[in-house]
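# Observations on the model geometry
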Amino acid sequence: MAGTALAKGGIKALSSGVAYQRCLNPLCGATLDVGQFRTACERCGDLLDIEYDWARIPVPKQLSEFEQMWTRRHEPLRFSGVWRFYELLPFAPPDKVVTVGEGQTLLQQANDVAKFVGLDAGQLYLQYEGMNPSGSFKDNGMCAAFSHARLTGAKRAACASTGNTSASLSMYSSVTGLMKALIFIGSGKISYGKLSQALEYGALTVQIAGDFDDAMIRVREVSQDLGIYLVNSINPFRLEGQKTVMLRVLEALRWQVPDWIVVPGGNLGNSSAFGKAFMELKQLGLIDRLPRLAVINAAGADTLFQLYERRGLRWNGGKPDMAITCNYYDDLDSRKSKADTIASAIEINRPVNLKKCLRALDVCDGTVRKVSDQEILDAKAQVGAGGIGCEPASAASVAGAKLLRQEGVIAPSDRVVCILTGHQLKDPTATVAYHTTDQDQFNEVLGSRGVSRASFANRAIAVPNELDAIIRAIQLYS
Ligand SMILES: *Cc1c(COP(=O)(O)O)cnc(C)c1O
Ligand SMILES: [Zn+2]
C-alpha cells in the first residue's frame, strides 16, 4: 500500500493493527493495542508513544499531495486542519474521528516583530494557533484524544489544566455531546478568559487548593480510581493531533523546512509532538532536512532549562539519566519552590512529557532558554502591535527567539517560525495591566512578578469631559 495515491472519496478505513502504543523506554518496549487506554506503561511506568506500521499505510509520496485536500473541504475530516493529514496519524478508524473544524490557523509573516527580534525582513513567521475554535493550539490535540476516547467507549473525560486544556476539553464535550467533561484547576492561577469557557461550556469544574502540579497528580489518581479517560498531554493520542501544527507550518511555507521552530515549553507536549512529526517525516522521506527546535521556558518555571542546559540531561538513546531529574525535583521540594510566572499556561515545574521532549531536542538539534516575565510581556506587546496578538505564554517564543538572536545562536538571515499558542483575548488582565496608567493596578498584577516597566505600553489618555480638551489631547498625541 505504501506510496499509493490518497483515497479519492472520503477517508478509507485502514486495516486494524497499523497503529499501536509502545513504551518510550527502549529497555522495556512493551506494546499495547490502540483500543486500550493507560496513562502510563503498565510494566515500567514510562510514557506511552504511538507508532505506525507505515508500510501498510497509504502515505503520500510527497507532502504537496496534501494540497489536494483543499478541494475536498466539504468532507468534515478534510476541512479539519488536523484530519486533513489523516494519513500521518491514522490511529482511529474514520467513523470514530471527532472534529469541530479545528486547525484553521494562520502562518503570518511579521516584519515589525522580525525587527524587534533582530531578524532580516521576511524571515520571521508567527504561527497563530489562537484561531482554533477554543482559542488555543490545544484543539489540535483534543480532537485526537476525543477520537481515541470514543474508540475506547469512554463516557467521561478529565484533565488538570492551567486553563486552555480545560477550555478545549469542555468545548469538545459540549459540541459533540459524546462525553462529560471533568476539569481540575489549581486555585487562583487560571485566567478568566479560560475559566469562563469551561464554566459556560458546562464542565464539572473542581478547584483544588494547590497549584497545577498538585492538580495534575490528583487528576491522575482520580481518573485511575474512577476509570475516567484522561486528556492531559501524557495522553499520547493528543500529541498525534498536535503534530499537524508543524504540517500546517510546512504547508504555508510551500513544504520548505524553516531553520528554526521556537515554542513555549510548559508540559512539553507541543515540543514533543513537533519533534515526533519531524522525526516521522524524515523517516518517511517526506522532508530532507530537519529544523532546529528551541523550547522556551518562563524563568519562573524553568525545569527544562535547568535540566537540559545546566545539568546536561539528554535523551541518550532513550535512556536519559533520570537521577538528575529526581535530584532536581527533590531540591525544588526541599526549597518549597513553586512555579511562578505571569505566563500561566507554562507555569509548570514538573513537565509530564519531559522524556519525549528530550527526544525532540535530540532529533532537532534543540536548545532551551528561559525568559523573564518582563521579556515575555514586552514581546507580547510587540506581537500585538505588529499583528494579531497572543496570550502571555505564547510570547515566550518571540522573547526566546530574540534572546537566541542576541546570543548569535540564531542568525539574522535564518528563517524562524515562532508558535503563538493562544488567543490574544485569553488573559486580558495581564494585557490591560501592562498598558495601564494606574500604578496600583500595574503593581498588583505585574509588579509582584518582578515586572518593573512596560516598554511598549500604549496608554489611554485621561481627559476631562470637555470638547476643547479632548481635541487638544488628540492633536497633542497623534
Ligand atoms: C498549554 C499551553 C502551553 C504549553 O504547552 P505544552 O505543550 O504544555 O508545553 C503554552 N501556551 C499556551 C497558550 C498553552 O495553552
Ligand atoms: Zn514500559
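Here, the structure is the one placed above.
A short tour of the structure in this document, coming up.

Calculation notes
- Residues numbered from 1 in each chain as written.
- Chains lettered and ligands numbered in written order.
- Predicted model: local features only at pLDDT ≥ 70, side-chain atom pairs only at ≥ 80, totals over all residues.
- Heavy atoms only, no water.
- 1 Å grid on protein atoms, 1.4 Å probe; cavity = no way out; pocket = protein on both sides within 12 Å on 5 of 7 lines; lining within 4 Å.
- Points joined across faces, edges and corners; volume = space filled by probe spheres on them.
- Nonpolar A, V, L, I, M, F, W, Y, C, P; charged D, E, K, R; others polar.
- Near = heavy atom within 4 Å.
- Polar contact = N/O pair within 3.5 Å; in protein donor to acceptor, adjacent residues only side chain to side chain.
- Areas by Shrake-Rupley, 256 points an atom, 1.4 Å probe, with all protein chains shown as cover.
- Sits in = over half its atoms within 2 Å of the grid points.
- Helix = DSSP H or I, 4+ residues; strand = E, 2+ residues; numbered from the N terminus.
- Buried < 20%, exposed > 50% of the residue type's maximum accessible area, 1.4 Å probe, protein only.
- Contact = heavy atoms within 4.5 Å.

### A look at the layout of surface pockets
Each pocket or cavity is described by its volume, and for the largest pocket that value is around 500 Å³. Looking at the largest pocket, it is lined by 20 residues, and the ones nearest its centre are R220, Y329, R350, P351 and V352. Residues of the lining of the largest pocket, tallied by class, amount to 10 nonpolar, three polar and seven charged.

### A few points about the site of ligand 1
In the vicinity of ligand 1 lie 16 residues, with K138, N164, G266, N267 and T421 positioned nearest. With respect to ligand 1, the backbone of G266 contributes an N or O atom lying 2.8 Å from an oxygen atom. Look at ligand 1: alone it shows 380 Å² of surface, and the protein chains cover 97% of it. Of the pockets mapped on this structure, ligand 1 occupies the largest cavity.

### Some remarks on the environment of Y329
Mapped onto the elements of the fold, Y329 is located in helix α10 (residues 322–334). On the accessibility criterion, Y329 (15% relative accessible area) is buried. Apart from the residues within four sequence positions on either side, Y329 is in contact with T303, N349, R350, P351 and L354.

### Looking at the environment of L77
The residue L77 is located in helix α1 (residues 76–79) in this model. Residue class for L77 comes out buried when judged on its relative accessible area of 14%. Residues L77 and E102 lie 25 residues apart in sequence; the distance between their C-alpha atoms is 10.0 Å.

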